[in-house]
Amino acid sequence: MNGPLVLGIESSCDETGVGIVRGTTLLANVIASSMDEHAVFGGVVPEIAARAHLEAMRGTIDAAVAEAKIRLDDLDAIAVAAGPGLAGALMVGVGAAKALAVSLGKPLYGVNHLVGHVGADVLREDGGEIELPTVALLVSGGHTSLLLVRDLVTDVVLLGETIDDAAGEAFDKVARLLRLPYPGGPHIDRVAADGDPTAIRFPRGLTLPKDLIDHRYDFSFSGLKTAVARYVETTENPSIPDVAASFRESVADVLTKKAVAACVEHGVNRLLLGGGVAANARIRALAAERCAENGIELRVPPLALCTDNGAMIAALGAHLVARGVAPSDLNFPVDSTLPVETVRV
Amino acid sequence: MILAIDTSAGTSVALVGDGIVAEAATADTRSHAEHIGVFIDRVLTDAGVTSSDVTAVVAGIGPGPFTGLRVGIAAGVAFAIGRGIPIYGIPSHDAAAVGREACSIVSDVRRRELAWTTYRNGVAIAGPRLTTEATLSTDVDLDTFPEVRVEQVSAALLATASQNRLARGDDLSSLRPLYLRAPDAIPNNGPKRVSG
Ligand SMILES: [Zn+2]
């Protein structure tokens, strides 16, 4: 085993993650989630998430160190998600990471959460070095972004992102309409298995020719959510499985169509899925189908590396260390809208 | 040597051994995450010591605006883990009560609310609780416990307070912030209608 030994801290949304990697080898990936505390609110409540991060911080760091069987003094660097994400949540991780770095006398890398999702790919058991270029479709309750990555340090480009709700949020809101529990994704997936995805033709956001001029790779789910609400309200005895399946089909169709189009139009034959919504069965299946049709290699990290986690932050940190990138200054702020072009703050 | 951290108001960091060894502080209430690492690093450098000379960490647990408050506690926890040393949580109002016989420590916690704690000889008698400018004098016996309005918290005094309390045998193991307020969030009571 070689490569830099890096501990990564992630706290951008409702997952407190601490991961430890040595180069591209995963040593520990400990995640504490406050998901259950948000259930009665039907969505992530930033203050509840931030409180939970602080409660979980000591336990997750301790557990990760124990799992990795390392000594903190042996670390080569600390990495932490500096954004994008919920500012109050990010600050808990950044405050902890800065003090840990000073107490250990180690360099600190404040890194981009979204690029971290791409960095997770190097930690797959069958994966060696990350293969680039790749298009990355990063879909969660907090973000829906399409990235073109030619180099993890110097060449990350945002092709498009949601102009309203994140896809995961749309799943949560539609689940609420259908009186399904939070988080919506897995429950809609389950109910949709018995439904007909072609039963209702829900709108495909930002796919009309006129939309494609300015929003070729952008997404919009708020119109879809409203269409589902209207359908449920105005239809007598709507079939919940059909609504779930048809809604899910619309989301999966738009996400995978735009992602594959991005690959084709940029001549990139690799697509990486990341974010919790990558767990959605239909999105995976449709992505696999469309990638196969176009000769594109589809890469989907294991679920524990797809959802927000500290290992991906550590992996990106290790990559930056290995590439000789200088650490961050200790005075960096969190940035809730950190652009993907800023890989390290 | 104790590393004391408080971010319940501005950011205050101190190293305390036999007396104050080094201090770094700002009244800025909007940039705790920016200052925290720099200040910890600075007090170590100014004192001419390394992090391994620190034997315990003390963190102020508020009351105070939550977002900033958490930064200091998270930093304290992580510093203590890094060195394998104990960390103690202590109410931030305790710092201002050091050396006073009877007092009411009052601080602004935003949203037009004040937090108060009354002390006698450094021991909290009542509070911390929330009140407003208009109700402060009816909620708190300011004649017996004169008001001390604090805008900044001294991490060095916090270290002193913690030493006093540990000497008395108080349990300072909880690092849970003194939020005094539930999170703003409304439980979801089903979907809103979109069609007329
Ligand atoms: Zn994410």
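Here the structure is a predicted model, which means the values were calculated and not measured.

**Thoughts on the packing of aromatic side chains**
Throughout the structure, instances matching the rule amount to four aromatic pairs over all chains. Where Phe171(A) meets Phe247(A), the ring centres are 5.1 Å apart and the plane angle is 75°; that geometry is what we call edge-to-face. Pair noted here: Phe171(A) is in helix 5 (residues 167-177) and Phe247(A) is in helix 9 (residues 240-265), with a separation of 76 residues, a long-range link. Look at Phe202(A) and Tyr231(A): their rings are 5.9 Å apart centre to centre, the planes differ by 90°, and that puts the pair in the edge-to-face class. Of this pair, Phe202(A) sits in the loop between helix 6 (184-192) and helix 7 (209-215) while Tyr231(A) sits in helix 8 (residues 222-234), and the two are 29 residues apart along the sequence. The exposure class of Phe202(A) is buried, given its relative accessible area of 3%. The class of Tyr231(A) is partly exposed, set by a relative accessible area of 26%. Its end group placed over the ring of Phe66(B), Arg51(A) keeps NZ or CZ at 4.9 Å from the ring centre. The positively charged end of Lys258(A) is found above the aromatic ring belonging to Phe219(A), 5.9 Å away from the centroid.

**Describing the coordination of the zinc ion**
All names here are of chain A. Of the protein atoms, only His113 (NE2), His117 (NE2), His143 (NE2) and Asp308 (OD) coordinate the zinc ion, at distances of 2.1 to 2.2 Å. Note that the zinc ion binds four donor atoms; their angles at the metal cover 88 to 158°, and the shape is irregular. Site description for the zinc ion: donor spacing in sequence, H-x3-H-x25-H-x164-D. A residue pair is termed long-range when its members are at least 10 positions apart, and His113 in helix 4 (residues 113-119) and His143 in the loop between strand 6 (134-139) and strand 7 (144-151) qualify at 30 residues. Each member of the pair, His113 together with His143, is buried.

**Looking at helix 3 (residues 87-104) of chain A**
Residue and element names in this part refer to chain A. Along its 18 residues, helix 3 runs 25 Å from first to last C-alpha, staying within 8% of the 26 Å computed at 1.5 Å per residue. Most of helix 3 is tucked away: 17 of the 18 residues are buried. Once helix 3 ends, the next one or two residues include Gly105, with phi positive near 65°.

**Description of the nonpolar core**
Membership of the largest hydrophobic core comes to 100 residues, with the highest contact counts inside it found for Leu7(A), Ile20(A), Ile78(A), Val118(A), Leu3(B), Ile40(B) and Phe79(B). Beyond its immediate stretch of four places on either side in the chain, Ile20(A) contacts Leu5(A), Val6(A), Leu7(A), Thr25(A), Leu26(A), Leu27(A), Ala28(A), Ala64(A), Val65(A), Ala68(A), Ile70(A) and Ala314(A). Membership of the second largest hydrophobic core comes to 50 residues, among which are Phe219(A), Val260(A), Leu271(A) and Val277(A).

**Looking at the side chain of Arg51(A)**
Following the sequence through the fold, Arg51(A) ends up in helix 2 (residues 46-68). Looking at Arg51(A), the relative accessible area reads 14%, which means it is buried. The residues touching Arg51(A), leaving out its near neighbours within four places in the chain, are Phe66(B), Arg70(B), Tyr179(B), Arg181(B), Ala182(B) and Pro183(B).

**Section: helix 6 of chain A**
Residue and element names in this part refer to chain A. Burial runs high along helix 6: seven of the nine residues are buried. For helix 6, the full list of buried residues reads Gly184, Gly185, His187, Ile188, Asp189, Val191 and Ala192. Lining the buried residues of helix 6 we find helix 5, helix 9 and helix 10 (281-293).

**Overview of the sheet that holds strand 9 (residues 270-274) of chain A**
Residue and element names in this part refer to chain A. Across the sheet, which stays open at both edges, the five strands sit in the order 8-7-6-9-10 with mixed pairing between neighbours. Looking at strand neighbours, the two that pair on one side only are strand 8 (155-161) and strand 10 (297-299), the edges of this open sheet. Between one strand axis and the next, the sheet turns by 20° as a mean value, whatever way the strands run. Here strand 6 pairs with strand 7 via six bridges, running antiparallel. From the neighbouring strand, Leu138 faces strand 7, where its bridge partner is Ser145. Together, strand 6, strand 7, strand 8 and strand 9 form the strand contacts of helix 9, whose direction differs from that of strand 6 by roughly 160°.

**So, the interface of chain B and chain A**
Residue-level contacts link 42 residues of chain B with 38 residues of chain A. Between chain B and chain A, a total of about 3300 Å² is buried, with carbon and sulfur atoms accounting for 66% of that surface. For the pair chain B and chain A, the interface holds three salt bridges. Put simply, chain B and chain A have seven residue pairs in polar contact (both at pLDDT 80 or more) between them.

**Let's talk about the confidence of the model for chain B**
This prediction gives chain B a mean pLDDT of 95; 96% of its residues lie at or above 70. Interface predicted TM-score (ipTM) for the complex: 0.96; the corresponding pTM is 0.96.

**Topic: unusual backbone geometry**
Residues and elements named next belong to chain A. Following Gly83, the chain continues to Pro84 via a peptide bond in cis, the omega torsion being -5°. Relative to the helices and strands, Pro84 is located in the loop between strand 4 (77-83) and helix 3. Following Leu132, the chain continues to Pro133 via a peptide bond in cis, the omega torsion being 5°. Examined against the element boundaries, Pro133 turns out to sit in the loop between helix 4 and strand 6. Its identity as a non-glycine residue notwithstanding, Lys69 has a phi of 55°, on the positive side. When you line up the elements, Lys69 lands in the loop between helix 2 and strand 4. Judged by its relative accessible area of 74%, Lys69 falls in the exposed class.

Cut-offs used in this document
Residues numbered from 1 in each chain as written. Chains lettered and ligands numbered in written order. Predicted model: local features only at pLDDT ≥ 70, side-chain atom pairs only at ≥ 80, totals over all residues. Heavy atoms only, no water. Phe/Tyr/Trp six-rings, centres within 6.5 Å; stacked < 30°, edge-to-face > 60°. Helix = DSSP H or I, 4+ residues; strand = E, 2+ residues; numbered from the N terminus. Buried < 20%, exposed > 50% of the residue type's maximum accessible area, 1.4 Å probe, protein only. Lys NZ or Arg CZ within 6 Å of the ring centre and 35° of its normal. Donors = N, O, S within 2.8 Å, 3.2 Å for Na, K, Ca; no water. Tetrahedral: all angles 85-135°; square planar, octahedral: opposite > 155°, others 65-115°. Expected span 1.5 Å × (residues − 1). Core = buried A, V, L, I, M, F, W, Y, C linked by side-chain atoms within 4.5 Å. Contact = heavy atoms within 4.5 Å. Pairing = 2+ DSSP bridges. Axes fitted to C-alpha atoms, helices over the stretch in contact; angles between N-to-C directions. Buried area = accessible area lost by both parts, 1.4 Å probe. Salt bridge = Lys/Arg side-chain N within 4 Å of Asp/Glu carboxyl O. Polar contact = N/O pair within 3.5 Å; in protein donor to acceptor, adjacent residues only side chain to side chain. pLDDT = per-residue confidence, 0-100.

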